[in-house]
Structure formats: structure tokens, C-alpha cells
Amino acid sequence: GINAEYGALKINVPDASVSKTLTVSGESTVSEVTVKLVELLGNLKNWQRYSLWCTDKKTWLIAPRATLNTYGLDAGNKVIFTTTSKKLSIQLPDRTQLDLEKADFSNTLFSVVCNICRDLRIRHPEELSLLRCAKEEDLKDARNVTARRTFRVRKANKPKPKKETGSSQNSMNTAGAVQNGDTLSPHGSVANVTQLTPDEIDHIDIKEGKTMDERALMNAGWLDSSKSLMEQDVKEGDMLLLRFKYFAFLDLNKQRDEPRINALYHQAIRSVLSEDVVPTDAECLEFAALQFAVEQAVRNPPKLARAISPGKDDINSALDDLEISLGTNDPDLDKLNNTVLPNYNRELQANLKYKKPIKIFSFLAKPKIHKFTFRDTTMSFYKDSNKNQPADFTQDLKDCTIVPEVDIKKTKYILHIKPPSGKEYLVIFGDKEEFCNWTAACRLASKGKPISDSTYDSEIEIVKTMCNMQEHSQTLKLNRNKRAPVTTDDIKTEDFVSARVGRKFRPEQLANEILDKHNVLPRRDYTATELRVNYILKWERLNDFGVSYFIVKFDKSKKEELLGIARTHMVKQDLTPPYNTIKTWHWTSLQSWNVNWEVRKLTFNVDGDSHTFACNSADIKIVHEYIGGYIFLTLRKESDTELDKEMFYKLTGGWQ
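Participant: For this particular structure, what's the right way to read the overall build of the chain?
Facilitator: Secondary structure assignment for the chain yields 16 helices and 25 strands. Burial analysis of the chain (656 residues in total) assigns 53% to the buried set. Long-range contacts, defined as pairs at least 24 residues apart, comprise 63% of the intrachain contacts of the chain with a sequence gap of at least 6. With an accessible surface of roughly 31400 Å², the chain has 49% of that area assigned to carbon and sulfur atoms.

Participant: What is the right way to read a positive patch on the surface from this model?
Facilitator: A cluster of basic side chains, namely Lys356, Lys368, Lys383 and Lys423, defines a positive patch on the protein surface. Within the secondary structure layout, Lys423 lies in the loop between strand S17 (412–418) and strand S18 (425–429).

Participant: Would you mind going over the packing of helix H6 (residues 281–299) against helix H13 (residues 507–519) with me for this structure?
Facilitator: Geometrically, a packed helix pair is captured by the angle between its two axes and the distance between the axes. Where H6 contacts H13, the two axes come as close as 8 Å, and the packing angle between them is 75°. Relative to H13, the element H6 lies roughly perpendicular. Within the contact between the two elements, H6 uses Leu285, Glu286, Ala288, Ala289, Phe292, Ala293 and Gln296 and H13 uses Leu510, Glu513, Ile514, Leu515, Lys517 and His518. Of the residues assigned to the contact of H6 with H13, the class counts are eight nonpolar, two polar and three charged.

Participant: Can you help me understand helix H15 (residues 620–634) in this one?
Facilitator: Turn by turn, an α-helix covers 3.6 residues, leaving residues three or four places apart pointing in a common direction. Along its 15 residues, H15 runs 22 Å from first to last C-alpha, staying within 8% of the 21 Å computed at 1.5 Å per residue. Taking burial as the measure, the 15 residues of H15 include 15 buried ones, the bulk of the element. The distance from a side-chain oxygen at the start of H15 to the backbone nitrogen of Lys621 is 2.8 Å, and the residue carrying that oxygen is Asp619.

Participant: So what exactly am I meant to see when it comes to the pattern of salt bridges here?
Facilitator: Between side chains of opposite charge, a pair can form when the charged atoms approach closely. Summed over all chains, the structure comprises 26 salt bridges. Between Arg260 and Glu127 there is a salt bridge whose closest N-O contact spans 3.0 Å. Taken together, the residues span a long stretch of sequence, with Arg260 in helix H5 (residues 258–273) and Glu127 in the loop between helix H2 (109–120) and strand S8 (128–131) at a distance of 133 residues. Here the two residues Arg260 and Glu127 agree in accessibility, since each one is buried. The salt bridge involving Lys245 is made with Glu625; its shortest N-O contact spans 3.2 Å. Here Lys245 is found in the loop between strand S11 (238–244) and H5, whereas its partner Glu625 is found in helix H15, with 380 residues between them in sequence. Bridged by salt links that share partners, the residues Arg123, Glu126, Glu127, Asp251, Asp257, Arg260 and Arg636 form one connected network.

Participant: In this structure, what is going on with the packing of aromatic side chains? I would like to understand it.
Facilitator: In this description, an aromatic ring pair is defined by two values, namely the gap between the centres and the angle between the planes. Evaluation of the coordinates by the stated rule reveals 35 aromatic pairs. Ring plane angle 75° and centroid distance 5.5 Å describe the contact between Phe550 and Tyr626, whose orientation is recorded as edge-to-face. With Phe550 in strand S19 (residues 548–554) and Tyr626 in helix H15, this residue pair connects regions lying 76 residues apart in the sequence. The same class applies to Phe550 and to Tyr626, which are both buried.

Participant: What exactly am I supposed to notice about the side chain of Glu530 here?
Facilitator: Within the secondary structure layout, Glu530 lies in helix H14 (residues 528–540). When its relative accessible area of 6% is taken as the criterion, Glu530 is described as buried. At 2.8 Å, the side chain of Glu530 forms a polar contact with the backbone nitrogen of Thr527.

Rules used in this analysis
- Residues numbered from 1 in each chain as written.
- Predicted model: local features only at pLDDT ≥ 70, side-chain atom pairs only at ≥ 80, totals over all residues.
- Heavy atoms only, no water.
- Helix = DSSP H or I, 4+ residues; strand = E, 2+ residues; numbered from the N terminus.
- Buried < 20%, exposed > 50% of the residue type's maximum accessible area, 1.4 Å probe, protein only.
- Contact = heavy atoms within 4.5 Å.
- Areas by Shrake-Rupley, 256 points an atom, 1.4 Å probe, with all protein chains shown as cover.
- Patch = residues over 30% accessible without salt bridge, like charges linked within 9 Å, V, L, I, M, F, W, Y side chains within 5 Å.
- Salt bridge = Lys/Arg side-chain N within 4 Å of Asp/Glu carboxyl O.
- Lys, Arg positive; Asp, Glu negative; His and termini not counted.
- Charge placed at Lys NZ, Arg CZ, Asp CG, Glu CD.
- Axes fitted to C-alpha atoms, helices over the stretch in contact; angles between N-to-C directions.
- Parallel < 35°, antiparallel > 145°, perpendicular 65-115°, else oblique.
- Nonpolar A, V, L, I, M, F, W, Y, C, P; charged D, E, K, R; others polar.
- Expected span 1.5 Å × (residues − 1).
- Polar contact = N/O pair within 3.5 Å; in protein donor to acceptor, adjacent residues only side chain to side chain.
- Phe/Tyr/Trp six-rings, centres within 6.5 Å; stacked < 30°, edge-to-face > 60°.

These figures come from the coordinates and say nothing about function on their own.
Pasting the structure below:
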């Protein structure tokens, strides 16, 4: 081996197709070895772009003053002298392919992501990461523990460049940041951006997870943010996916974030169509209507008169921006920063009907009228109308599933409430106004926000819009025959709804349903960016939004279970349908977490209780990074402050 005495070290130089043997000692520095090698090579051009890479140790020899002994190098180790910058293809959320000429294979993945986002003008790169592609064969053995985590990086697709230069209606349209065929970065890191055709996208064959097992396996593809691409077996010419990894979006602003909004919008569409989130059929049609509205706005942008008209419209626009900023902040940010929301002493009181759903003879169960109150995140009811008496029932709605049921024609306004561990019950309202106020409060509370939150009024308007859409749709259906018939050529329905929803309608019928929903959207002068933001906000309000799943086995459990990680909490669920919630832990209660790297198990402490598990669907480092990443995101305070990379590495890197 290499020790204090002189020995031989063989170094391969692929670009020159030669190998050189150097006489070195264990105390030789990386800088000294590099200079000796370059002298022997003689005519190697741009050698400053090269570094030493130890193949079998998967380590870059970068530090110039570090010795070979520092890296534990032995004479038998395979060392190559190769470029640190290599070609890499990145697929963006809209399936555009970005070809990088000089991706840094020696720096950390997080630095690579930051550089890509800088070139694409996407703010807050800490919310995104790079993901390996999964094909259908990768998901076949999802239930087989030994077969998991085996899918490889795919070679980049090589589509023929399109002749036309404009962005299509489905492209990211990043306001100058991306144009087909253009070199983007002044640093020369981006060589070409190609909008793939549908056939080429199908050829890439990237599959979304369908079962919970498959959805969990998809998360095994996330790369390690603290390691380089080379250390993670990414090869030159491979293709990786750029995706939002963490669903906590700080200060989503339509004036400053058009590229970021477009990327997030396309990821939201894929999430809805592949049913990574599962909206109701009615919600699917509303998403389709918004998506159709975006396409219409791209084809026929609204006139500039709206932007320069004085008075009320300017105020509405400013309020829209404020709602977006408030509505996309982390729900638990105030707790982690010791910031208390203003208390407006807001409280709801009403006489409402209460009913437990009974499957057998449900028509015999008459709802009972009780005095209800709502304060902060808690709903209470009293059998006695005298509120001075203690409440007979109190429910903190945090993490409860809230499902509204509305039938305008039958004047039916019902709220289904299901606690994380408990039976579902119904609250029945007498009119639309009452229903909207209470539903808005319950939806906010389910996300941990009190009724005093500044977004409460906006939430009421959203619920009212939902009711109005159903109300107007009855009239539209009566007038449908007066409209020119819609064919599948006008709306390609499979691009707007999931396959499950598509099977329930004939194509023409589904196209009409989408147009009906589109025709009742408020404010017909929305820009495409504003409509995309509305789509994102609606996506965020889905009950199962933003949960990343892993298959785990807790030490005290005899069976595998699901672990869901979201922006405010972790949740343990059954691995079999209906995937009942077993336990929820909030980040605000998390005291510590660490990994035993020898046995690959993660331990976390919440409220004095310790929990340990192994991850069977992905490497435990990915779970560790998810937890640290969400903690980092909730600690962010100001949108324009410099990104604290050191803190990000500290919380996500671990010590292996």
C-alpha cells in the first residue's frame, strides 16, 4: 500500500486514453500528485477542469493540501483523472428537457440544484431536488423488500429539435428564462432546452405511483443533497427529474415567481391526473376547468386595460397577492418562531343539527339540534342551550378530515368530519351562508390554523365559489343545447382528468362538464399566471396534499406500516386500505431525531416518547433528509434573506 515510503499509484485518464503510474508516498498531497500527472501528460488541454476521482471509494480527491493518507488511499485503489463538469439532462415538471453542458459532478447535489434554479429564475431552490426516473418494471416488485431501491438512472431522451421557436401552451413559458434551443445561462451551463412532443414523453415512460406501495417506492429515487452526482452513480448523459420535493412554498408571488409558479403548476397537474392526491369527481372537474382556463388565457391573453384601470380592481389585485402570500406560508411557522397570531376574539355560534352516520336504517336516525360554538381550532356543542354549562362534546379539528357535501337544488348543506382516530360524524346547516362560514373555519382548523387567522375571509369566499359553481351549473345544463356541440378534438379529455374519472363519462359528455365548470369561474379577465396560482391554491387545500409516503417497520410493531411526511407533521397509517391513521406527530412537538447508520434505523423523540423504525421502501437517509428539510423550511422567516446553506446541510446531512 501507500505509506510514508515511496510507492506506485496508477491513474487512468479516460479523455486521453492513457494510464500513468506515479511514484508517490502517503504524505503526498493531492496538489502534488496532480502537478506530477499533468507534467507526465504534457498536452492535456484545460487540465484545470480535471480532478482525481477514486472509483472504488466513490470519493473526489479535491482538497489540494490533503494527503493520500487522509483519503485512506491504497495502491490497489482505482483512480481516474476526469473533468468535474459533465453533460447532464434535466427533465422539468412540464416534461421539458434541459440539456446541461457543464453540470458540476464534484459539488454537492444541493449546489447543483441551486445553480439550475438560478438559471431558470426559480426562487427558493431549497424546495426542489433531483429525482431518478422510475419505469414500470421498477415498480413490479414493490412489495418485495429486497427488490426495492434498485431502479437506476435513465439515459437522457434524444428528441429531434422542433423547428418552431415559440413556447407551446403546455410549456413552462418561463418569461424569458427558457426558450426552445437557446443557451440560457451566462455561465454556459445550459446548452439547449427542448419541448418534447407527447410521443417523446410517452417514450420516456415515467410512471406515477398508483398503489400506496408504488407511491412509497417512488420516493426511493430522491438523490442525497449532501453528496455529489458522481458519488451517487450518476453518469454523464443521464437524465434526472427536477421536482418540488418539499410542499411548503414561501411567498409565492405572481409578479416575481412566474417560472416557479409554472413549474409548480405542471407538477400539480401531474399529481391530480395520476391521483397522487385523490380529489372528488366534482373537484376533478373544477381542476380541469382551471386547466382549460389556463390554456385559453395562453391563447388569448387578457387585455392590458385591467392592469392600468384605477380603483377597486387594483385593490382586488393587491388583495389577491396578499392572499397568495398568506395562504402558502407554513401553518406551524408561527409556533416555531414564537410568533403568536393576532386574537380577534372571533367566534361562531349557531343551532345546528348533529348526526352520526349509521349504515343500517340510516333513514331512521334523525339529526339532533344542538348549540354549537367554534373558537380557535375547536368546535363544541351543548345539549343545553345555556352556554354557561360545560360543553357536552369538544373536538379539536386539527388533522381532521373535512369533506363538504352540497346539493343546492335540495338545499342540502352537510359537513362530514372524521377525526384522525375516531368515527365520522355529520354537521347539518340550514342555509348557504352558515355553511360557508363554518366550513371555512373547519378547513382552516384541519390545517392547524385558528379562526382568527387572516386567511379566514378568503377561505369563506372559496367555499362560496364552490357553492356558486354548482348553483350556476344547473342553468348551464339547460342551455347546453344552444351551444355548438363539443367534440373530443376541442378538448382532449385525458389531458384534463384522471383515467378513473374519465371512465365515468363519454368523451363529449365530459367535455361539456368541463366547459360548464369553466363558464362559471369568477373574473373572466384572469391572466394565465393568476389562473395557475388558483390551481395551486386549490391543490394545496386537498386533504391528502403534500404527503410523501414510505414503507417502514417500527421496532415495537409486528408488521409494516406507512409513514407519511408532510409540511407540518408525520403520520403513521395502516399499509392496507382504507389506510387508517394510527398516530400523528407534529414538528412543533419534535424534540430530536437521529439515525443509527450501522443498523440504518431512525429514532425520533416526541413529548418524551421515543420511536424507532427502519425504512423498507427507501434508504433511511432519504427519510432523515425529509424530516430535516421540513424543519429547515419552517424556520425560514423572510423571503429575500440569503439562503442559509450551512443550516440546510446541518439539518439534512446527518453524520455517516
